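Summary of the model geometry
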Amino acid sequence: MHELGIVFYIIRDVKKVAEENLAKKVSAVVMDIGEVSTVIPDYLTDCWKWATDREDLLRGAELRCNIIPAVTWCDDCKCEYSTVQHGRTCPNCGSGNTWLLRGDQVEIKEIEAL
Ligand SMILES: [Zn+2]
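This write-up is about the structure you can find in this document. Keep in mind the model is a prediction, meaning the values are calculated, not measured.

Turning next to the packing of aromatic side chains. Taken as a whole and judged by the stated rule, the model has zero aromatic pairs. One residue, Arg-54, lies across the ring of Trp-50, its end atom 4.1 Å from the ring centre.

Here it is as structure tokens:
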């Protein structure tokens with residue numbers, strides 16, 4: 001499962017940060033997850049529970065997901081619009097000359113440690 005691989009990456013990064021800060025226990029991790037990223041937050045949470053149960057540092061830690069709205073930029077009429085609603089075609093001018101500004105990220109936003 002794709003989400004499990006991502007969880008292992010998150011755990012690796014969180015462990016590194018926790019070690020650097022001499023944290024003994026991580027209580028929560030906050031993620032920014034873009035609306036058009038390939039990650040499904042519910043699956044991510046399930047994998048998180050399974051994987052963190054095997055880590056002393058992370059056992060019982062909560063995973064919180066902030067969903068970041070996807071926004072696309074139109075190069076022809078210089079406007080921003082909702083990617084999920086309109087896809088690659090600009091709703092203002094019909095141009096296909098567009099690119100994703102944000103909304104595909106999967107990033108650790110915050111780590112709460114004891
Ligand atoms: Zn446009």
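A contiguous nonpolar surface patch, about 210 Å² in accessible area, is contributed by Val-36, Val-84 and Leu-100. If you trace the backbone, Val-36 turns up in the loop between strand S1 (26-34) and helix H2 (41-52).

Time to look at the side chain of Glu-3. Here Glu-3 is to be found in helix H1 (residues 2-20). The charged side chain of Glu-3 is buried without a salt bridge, its nearest counter-charge being Lys-49 at 15 Å. When neighbours within four sequence positions are excluded, Glu-3 is seen to be in contact with Thr-38, Val-39, Ile-40, Tyr-43, Leu-44 and Cys-47.

A few words now on H2. In this model, H2 (twelve residues) spans 16 Å end to end at C-alpha, consistent with the 16 Å of a helix rising 1.5 Å per residue. In this fold, the buried residues of H2 make contact with H1, S1 and strand S2 (62-68).

Once the charged atoms of two side chains with opposite charge are near each other, the side chains can pair. Per the counting criterion, the structure on display carries seven salt bridges. Residue Arg-59 pairs with Asp-53 through a salt bridge whose shortest N-O separation is 3.8 Å. Judged by relative accessible area, Asp-53 falls into the partly exposed class, the value being 45%. Residues Asp-75 and Lys-78 are paired through a salt bridge, measuring 3.8 Å at the closest nitrogen-oxygen approach. The class for Asp-75 is partly exposed, based on a relative accessible area of 29%. Lys-78 sits in the exposed class, given a relative accessible area of 53%. Each of the salt bridges in this network shares a partner with another, and the network as a whole consists of Asp-53, Asp-56 and Arg-59.

Basis of the calculations
Residues numbered from 1 in each chain as written. Predicted model: local features only at pLDDT ≥ 70, side-chain atom pairs only at ≥ 80, totals over all residues. Heavy atoms only, no water. Phe/Tyr/Trp six-rings, centres within 6.5 Å; stacked < 30°, edge-to-face > 60°. Lys NZ or Arg CZ within 6 Å of the ring centre and 35° of its normal. Patch = residues over 30% accessible without salt bridge, like charges linked within 9 Å, V, L, I, M, F, W, Y side chains within 5 Å. Areas by Shrake-Rupley, 256 points an atom, 1.4 Å probe, with all protein chains shown as cover. Salt bridge = Lys/Arg side-chain N within 4 Å of Asp/Glu carboxyl O. Helix = DSSP H or I, 4+ residues; strand = E, 2+ residues; numbered from the N terminus. Buried < 20%, exposed > 50% of the residue type's maximum accessible area, 1.4 Å probe, protein only. Lys, Arg positive; Asp, Glu negative; His and termini not counted. Contact = heavy atoms within 4.5 Å. Expected span 1.5 Å × (residues − 1).

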